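# Coordinate inspection notes
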Amino acid sequence: MIDVKHLSKSFGKHLVLDDISEHIYPGEKVVVIGPSGSGKSTFLRCLNLLETPTAGTITFEGTEITNPKTNIDLVRRQMGMVFQHFNLFPNMTIRKNITLAPVRTKLMSQAEADDLASTLLKRVGLEEKADAYPAQLSGGQKQRIAIVRALAMKPKVMLFDEPTSALDPEMVGEVLEVMKQLADEGMTMVVVTHEMGFAREVGSRVLFMDGGHILEQNEPHAFFANPKEPRTIEFLSKVL
Amino acid sequence: MNWVQLYETLGQQLKDGVDLPWWQDAFVGIYKAFFEEGRWQLYVDGVLTTLWITAMALILGIVLGVLVAVIRTTHDQQRLGRHNPILALLNAICKIYVTVIRGTPMMVQLLIMGFIIFKSSREYTLVGTLTLGINSGAYVAEIVRGGLMSVDMGQSEAGRSLGLNYLDTMRFIVIPQAFKNILPALGNEFITLFKDTALISAIGGKELVYAAKSIGSKTYDVMYPYLGIAIIYLLMVMLFTWLLGILERRLRQSDRR
């Protein structure tokens, strides 16, 4: 589904991603873990070209998105993204946050989008917040809305960039619950996270990144039970 | 005895060298400056012209300012490795414009426009308005640019990640938020612009200061006309400040918790 070949990214002289090749298959729930500064967020942001790779190619369902001639907006419509800091639009109501993109991109009419927004909001238990503004919501509510907003575009893959890192501990659960539901429905997901429980329970594959490389990857149970690389063992011993 | 007779009686006494109490003296001065020969009409015309100049210069300033700000921000936010030569040229022109306008006094710009560039034009008010608009554009450009940069990068990233294009993201997400952030600064610029219209009288523009000056030179007394227009300017600025406050509160609606 997403094919990454020899991806490198540097900011100035600082090399953040060093020749990464990886493939993400339909229906997979890939969880990316690793220490801060390991390049995992940058890797994720390269997948929908929020960061422009310095070298290498990324192909999404046969479209080479790193080609400057590709209309990246069309590709991004099929890739939902959820951010650490929610990034809801504070100047719009929740309903408008959700329906803006599907309506503007002519994916559906305003009425259809409103219906879809209600359905999705009901699913995450926030239907009564449709006319509220983001400033009136808690962090956990904001993040659930952000997930709904991405889902309203009916994406084929969802990218999560540390979706629970900015939340109060008691709100992490409600967001992970929504993500788990989504995973159970068969959504292809790439999740950068520090939630090892989520990685173990929901992930179908765990990637461990350090220093701009994918050092080790495995199916989650094997990964957490017998990590092979010394760096992985050291990291896991600190976080588990 | 009505006011006209009172003015004529007291005026005659003044001419005769009678020492009047200060309030009678002030009455004569004020009557002469504002009511004799229906002079208040000149102030009203002056205020209307001043408002017209402000409105026109403001429109021109905002159009120029937004244009320059968008060019400069788009140029600065280009994806790495992509260089558009036309954009680079436009950016350079915008930079020169902002530097020159902000680096020279408004008065000098008016003198150059009025007496050199449009030397043969007799449309003094129009030339003044144009100069004021061009001047304001440079300041508005920097205000708008600051406003666009003040909106968190995450906002446009969220917009773009949903598949919205650059223009839609700017139009629905970044610009409305930037506008709210820059409204106080834009309000200040508007008030500065309103007061700067007074300078246009230096090249013969027929606004409020011009009215006061011409009345003063006719009556040989500039004190009341000048004090009078000072009060008019002050009252109008207070009115604008009040209106801007209302607008700001309206726009803050989405911040309520």
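Bear in mind that the values here come from a model prediction, so they are computed numbers and not experimental data. (Residues numbered from 1 in each chain as written. Chains lettered and ligands numbered in written order. Predicted model: local features only at pLDDT ≥ 70, side-chain atom pairs only at ≥ 80, totals over all residues. Heavy atoms only, no water.)

Glancing now at the sheet that holds strand 5 (residues 63–64) of chain A. Residue and element names in this part refer to chain A. In space, the four strands of this open sheet follow the order 2-1-4-5, with antiparallel pairing throughout. Of all the strands in the sheet, just strand 2 (14–24) and strand 5 have a single pairing partner and so form its edges. Contacting strand 1 (2–11), strand 2 and strand 4 (55–60), helix 1 (residues 40–47) runs over the sheet at an angle of about 125 degrees to strand 1. (Pairing = 2+ DSSP bridges. Helix = DSSP H or I, 4+ residues; strand = E, 2+ residues; numbered from the N terminus. Contact = heavy atoms within 4.5 Å. Axes fitted to C-alpha atoms, helices over the stretch in contact; angles between N-to-C directions.)

Right, let's get into the pattern of salt bridges. This structure, assessed with the given rule, holds 22 salt bridges over all chains. Where E22 of chain A meets R205 of chain A, a salt bridge forms, and the shortest distance between an N and an O atom there is 2.7 Å. One end of the pair, E22 of chain A, is in strand 2; the other, R205 of chain A, is in strand 9 (residues 205–210), with 183 residues separating them in the sequence. Of the two residues, E22 of chain A and R205 of chain A, neither departs from the other in class, the shared state being buried. Two residues, R102 of chain B and E142 of chain B, come together in a salt bridge whose shortest N-O distance is 3.9 Å. Taken together, the positions of R102 of chain B in helix 4 (residues 85–103) and E142 of chain B in helix 6 (residues 124–150) put the pair 40 residues apart, joining distant regions of the chain. Using a relative accessible area of 43% as the deciding quantity, one classes R102 of chain B as partly exposed. Each of R72, D76, R102, E142 and R145 of chain B takes part in salt bridges that share partners, so that together they form one network. (Salt bridge = Lys/Arg side-chain N within 4 Å of Asp/Glu carboxyl O. Buried < 20%, exposed > 50% of the residue type's maximum accessible area, 1.4 Å probe, protein only.)

This part covers the environment of R160 of chain B. Tracing the chain through its elements places R160 of chain B in helix 7 (residues 153–161). On a C-alpha basis, the gap between R160 of chain B and A33 of chain B in space is 62 Å, while along the polypeptide they are 127 residues apart. Filtering out sequence-adjacent residues up to four positions away, R160 of chain B remains in contact with I72, D73 and R76 of chain A together with N165, Y166 and T169 of chain B. Of the polar contacts made by the side chain of R160 of chain B, one reaches the backbone oxygen of L164 of chain B; its length is 3.1 Å. (Polar contact = N/O pair within 3.5 Å; in protein donor to acceptor, adjacent residues only side chain to side chain.)

The interface of chain A with chain B comprises 30 residues on the first partner and 25 residues on the second. Taking both partners together, chain A and chain B bury about 2400 Å²; carbon and sulfur atoms supply 55% of that area. The largest share of the area that chain A buries against chain B comes from F89, N91 and R104 of chain A, three residues that together contribute 21% of it. Linking chain A to chain B there are three salt bridges. The closest approach of N and O atoms between D73 of chain A and R160 of chain B, which form a salt bridge, is 3.0 Å. In this assembly, chain A and chain B are joined by seven residue pairs in polar contact (both at pLDDT 80 or more). The set of elements that each furnish at least two residues to the side of chain A that touches chain B consists of helix 2 (72–76), strand 6 (79–82), helix 3 (94–104) and helix 5 (139–151) of chain A. Its residues placed into classes, the side of chain A that touches chain B shows 17 nonpolar, six polar and seven charged. (Buried area = accessible area lost by both parts, 1.4 Å probe. Nonpolar A, V, L, I, M, F, W, Y, C, P; charged D, E, K, R; others polar.)

The subject of this paragraph is the packing of helix 2 (residues 22–34) of chain B against helix 10 (residues 223–251) of chain B. Residues and elements named next belong to chain B. Contact geometry for helix 2 and helix 10: axes closest at 8 Å, N-to-C directions at 75 degrees. By the criterion of interaxial angle, the relationship of helix 2 to helix 10 is roughly perpendicular. Note on element contacts: helix 10 touches helix 2 through Y224, P225 and G228, opposite A26, G29, I30, A33 and F34. Looking at the contact of helix 2 with helix 10 residue by residue, the classes come out as six nonpolar, two polar and no charged. (Parallel < 35°, antiparallel > 145°, perpendicular 65-115°, else oblique.)

All names here are of chain A. If you walk across this open sheet you meet the six strands as 6-7-8-3-9-10, and the pairing is mixed. Of all the strands in the sheet, the pair left with one neighbour each is strand 6 and strand 10 (213–218). Each strand of the sheet is rotated relative to its neighbour by a mean of 20 degrees, with strand direction disregarded. Helix 1 rests against strand 3 (29–33), strand 6, strand 7 (157–161), strand 8 (188–192) and strand 9 of the sheet, and its axis sits at about 150 degrees to strand 7. Taken strand by strand, helix 6 (residues 169–184) contacts strand 3, strand 7 and strand 8, and its axis lies near 150 degrees from that of strand 8.

Our focus in this paragraph is the pairing of strand 1 of chain A. All names here are of chain A. Examined bridge by bridge, strand 1 and strand 2 share seven bridges and lie antiparallel to one another. When the bridges of strand 2 are listed, I2 appears paired with I24. In this structure, the hairpin formed by strand 1 and strand 2 is closed by a connection of two residues, where G12 is found at a positive phi of approximately 65 degrees.

A cluster of nonpolar side chains, contributed by M107, V108, L111, I112, F115, I116, I117, F118 and L130 of chain B, occupies part of the molecular surface with about 740 Å² of accessible area. As for its position among the elements, I117 of chain B is in helix 5 (residues 106–117). (Patch = residues over 30% accessible without salt bridge, like charges linked within 9 Å, V, L, I, M, F, W, Y side chains within 5 Å. Areas by Shrake-Rupley, 256 points an atom, 1.4 Å probe, with all protein chains shown as cover.)

All right, on to the confidence of the model for chain B then. Any region with low pLDDT has predicted coordinates that should not be read closely. Residue and element names in this part refer to chain B. With 97% of its residues at a pLDDT of 70 or more, chain B has an overall mean of 90. Averaged over each element, pLDDT in chain B is lowest for helix 2 (84) and highest for helix 7 (95). Reported confidence for the predicted complex is 0.91 by ipTM and 0.81 by pTM. (pLDDT = per-residue confidence, 0-100.)

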